Amino acid sequence: MSTTLGEHITTQKGFAFKSKWYVTEGQPIVKVSDFTSDSIDPRNLICIPKELAREYSKYQLQQNDIIIQTVGSWPSNPASVVGKTIRVPRSTNGALLNQNAVKVIPNKTIDQTYLFYLLRNNDFKDYIVGTAQGAASQASITLDSIRSFKFDLPHLDKQRKIASILSTYDDLIENNNRRIAILEEMARRLYREWFVKFRFPGHEAIKMVDSELGKIPEGWEVVKLFDIAAPTYGFAFKSKLFTDDGNGIPVVRIRDIPKGLSNTFTQEHPKKEDQILQNGDLLIGMDGDFHMGKWSGGHAYLNQRVVKITPFDNYSKYFVFLSFQKPILDLNKSIVGTTVAHLGDKHLKEIKIILPEEGSRKQAERLLDALFDKEINLKLRNRNLQKQRNMLLPKLISGKINLLYGK
């Protein structure tokens, strides 16, 4: 049955919360800049006072609500593309929706989960971008264009069957993401206990001595980051040759570091072999927020303003990664640019870390290495699950896969 989306939904636009209301603690506000590819990143949400938030309760979000970004970029920048559809995760249940996005509320004729996948399908993405208007740097869509989207709506039983199949993949991905978060927390706690609070096995018998970074256990030393690892700076690829059609090799830009995946491709080649990335490589972004990450997007090229940190043979990746996290965060707070902060080679060269004596370090590295490998493997599993889901989605939505359901 061919129909239009407007016959099956109502909408609620976000509100333009004033920046002068922002506080560090209170009711979280979800901006489109907090959107990931299909969800919301809860780590950097701004807040308004809870007393004030009660006046705007109609903008409150619930888990599994469906949101469409109504103002954003053109498809050349898929990270913030207009028309992106995301689903509210449990972690942002109760947050308020900011402007430039609209909540899509299904009525009884369409299954909520099916609706989410319908709006994630390329038919809707292509349609909505085709209706967008704006300048070269910003595009916008209207509620009328969303409501006017035409599609074939199957019976509710079939909708639920399709939603169930696709949800199975997303449930597995979400479960893996929770396991990854636990592994990361275990690694941070181990590093903090042993190498920040100095409560490593046998610490009671070790004398504390002065160092340029404060008191440290006797036998430990303060070294520079580049005493235990080497940097590789990215290649200046020509951005006009970038594509998103999958042809060529992925190029890793700063924006790709947090998610560990790039959808930008080039046919160019870097000058140096070590500007080619493999899973597990450690990355730091050198502009804006100095993102840090462990690469899990496979064979890729390192773009300019991203640096790869490669530990020398005697040091584990996770130990080095955890060692430079706090110094980089401190630099992120202290370096202020005219429009955007820049991290330079001179800053990286001056990073100092506390290097434990070899016995304690090796003991910790064995534990950290195991956590690192599990984390990367889970991320790779998620890549495969996402590929399988994305392959099935258009076939199920279009009816190309015949589902036997009901009688």
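Everything discussed here concerns the structure shown above.
Parameters at a glance
- Residues numbered from 1 in each chain as written.
- Predicted model: local features only at pLDDT ≥ 70, side-chain atom pairs only at ≥ 80, totals over all residues.
- Heavy atoms only, no water.
- Helix = DSSP H or I, 4+ residues; strand = E, 2+ residues; numbered from the N terminus.
- Rg over C-alpha atoms; globule rule 2.2 N^0.38 Å.
- Buried < 20%, exposed > 50% of the residue type's maximum accessible area, 1.4 Å probe, protein only.
- Axes fitted to C-alpha atoms, helices over the stretch in contact; angles between N-to-C directions.
- Parallel < 35°, antiparallel > 145°, perpendicular 65-115°, else oblique.
- Contact = heavy atoms within 4.5 Å.
- Nonpolar A, V, L, I, M, F, W, Y, C, P; charged D, E, K, R; others polar.
- Polar contact = N/O pair within 3.5 Å; in protein donor to acceptor, adjacent residues only side chain to side chain.
- Salt bridge = Lys/Arg side-chain N within 4 Å of Asp/Glu carboxyl O.
- Core = buried A, V, L, I, M, F, W, Y, C linked by side-chain atoms within 4.5 Å.
- Pairing = 2+ DSSP bridges.

Trainee: Looking at this model, I keep getting lost on the overall build of the protein. Mind explaining?
Mentor: Counting its secondary structure elements, the protein contains nine helices and 24 strands. For the protein, whose C-alpha radius of gyration is 24 Å, the value lies close to the compact-globule estimate of 22 Å for 407 residues. Referenced to the eigenvectors of the C-alpha coordinate spread, the extents of the protein come out at roughly 75 × 55 × 50 Å. Across the 407 residues that make up the protein, the buried fraction comes to 46%.

Trainee: Which parts of the structure should I look at to understand the packing of helix H2 (residues 112-120) against helix H3 (residues 122-131)?
Mentor: It is at 5 Å that the axes of H2 and H3 come closest, and there the two elements cross at 55°. The angle between H2 and H3 falls in the class oblique. Facing H2, whose interface residues are Leu118, Leu119 and Arg120, H3 presents Asn122, Phe124 and Lys125. Among the residues forming the contact of H2 with H3, the class breakdown is three nonpolar, one polar and two charged.

Trainee: Whenever I open this one, the environment of Lys362 confuses me. Can you help?
Mentor: Following the sequence through the fold, Lys362 ends up in helix H9 (residues 358-398). Separated by 43 residues in the primary sequence, Lys362 and Phe319 place their C-alpha atoms 9.6 Å from one another.

Trainee: Got a minute to help me understand H2 in this structure?
Mentor: Because each turn of an α-helix spans 3.6 residues, side chains separated by three or four positions in sequence point in the same direction. The buried count for H2 comes to seven of nine residues, which makes it a mostly enclosed element. With a side-chain oxygen lying 3.1 Å from the backbone nitrogen of Thr113, the N-terminal cap of H2 falls on Asp111.

Trainee: Looking at this structure, how should I read the pattern of salt bridges?
Mentor: Between side chains of opposite charge, pairing is possible as soon as their charged atoms come close. Counted according to the given criterion, the structure contains 26 salt bridges. The salt bridge partner of Lys294 is Glu184, with a shortest N-O separation of 3.7 Å. Of this pair, Lys294 sits in strand E21 (residues 292-294) while Glu184 sits in helix H5 (residues 156-195); the two residues are 110 residues apart in sequence, bridging distant segments of the chain. Lys224 serves as the salt-bridge partner of Glu350, at 3.8 Å between the closest nitrogen and oxygen.

Trainee: Is there a simple way to think about the side chain of Asn176 in this case?
Mentor: In this structure, Asn176 sits in helix H5. At a separation of 2.9 Å, a polar atom in the side chain of Asn176 contacts the side chain of Asn382. The contact partners of Asn176, leaving out residues within four places of it in the chain, are Leu378, Arg381, Asn382 and Leu385.

Trainee: Before we go on, may I ask you to explain the nonpolar core in this structure?
Mentor: Nonpolar side chains in soluble globular proteins tend to be buried together. Judged by nonpolar contacts, the single largest core of 46 residues is most densely connected at Val320, Phe324 and Ile328. Every element with two or more residues in this core is listed here: H5, helix H6 (225-228), strand E20 (282-285), strand E23 (306-311), helix H7 (317-334), strand E24 (352-355) and H9. Looking at this core element by element, the count peaks at eight residues for H7. Residues in contact with Val320, not counting those within four places in the same chain, are Leu225, Ile228, Ala229, Leu282, Ile309, Pro311 and Tyr315. If you look at the next biggest cluster of nonpolar residues, it comprises 34 residues, including Ile9, Tyr117, Phe149 and Leu393.

Trainee: When you look at the sheet that holds strand E5 (residues 66-69) in this model, what are you seeing that I'm missing?
Mentor: By definition, the strands of a sheet pair up through backbone hydrogen bonds, in either a parallel or an antiparallel sense. Across the sheet, four strands lie side by side as E2-E9-E5-E7; this open sheet has antiparallel pairing. Edge positions in the sheet fall to strand E2 (9-13) and strand E7 (85-87), since each has one partner strand and no second. Averaged over all pairs of adjacent strands, the angle between their axes in this sheet comes to 30°, without regard to strand direction.

Trainee: Even after reading the chapter, I still don't get the sheet that holds strand E3 (residues 27-30), so can you show me in this structure?
Mentor: The strand order across the open sheet formed by three strands is E4-E3-E8, and the pairing between neighbours is mixed. Each edge of the open sheet is held by one strand with a lone partner, namely strand E4 (46-48) and strand E8 (96-97). Inspection of the sheet shows E3 paired to E8 by two bridges, in the parallel sense. Looking at the pairing, Ile29 lines up with Leu96 of E8.

Trainee: Looking at this model, I keep getting lost on the pairing of strand E17 (residues 249-252). Mind explaining?
Mentor: Along any regular strand, the residues point their side chains to alternate faces of the sheet. Two strands pair when backbone bridges link them, and E17 and strand E18 (residues 265-266) are joined in this way by two bridges, in the antiparallel orientation. For Ile249, the partnering residue across the bridge sits in E18 and is Thr266. Judged from the two bridges that link them, E17 and strand E22 (residues 300-302) form a sheet pairing that is parallel. Opposite Val252, over in E22, you have Leu302 as the bridge partner.

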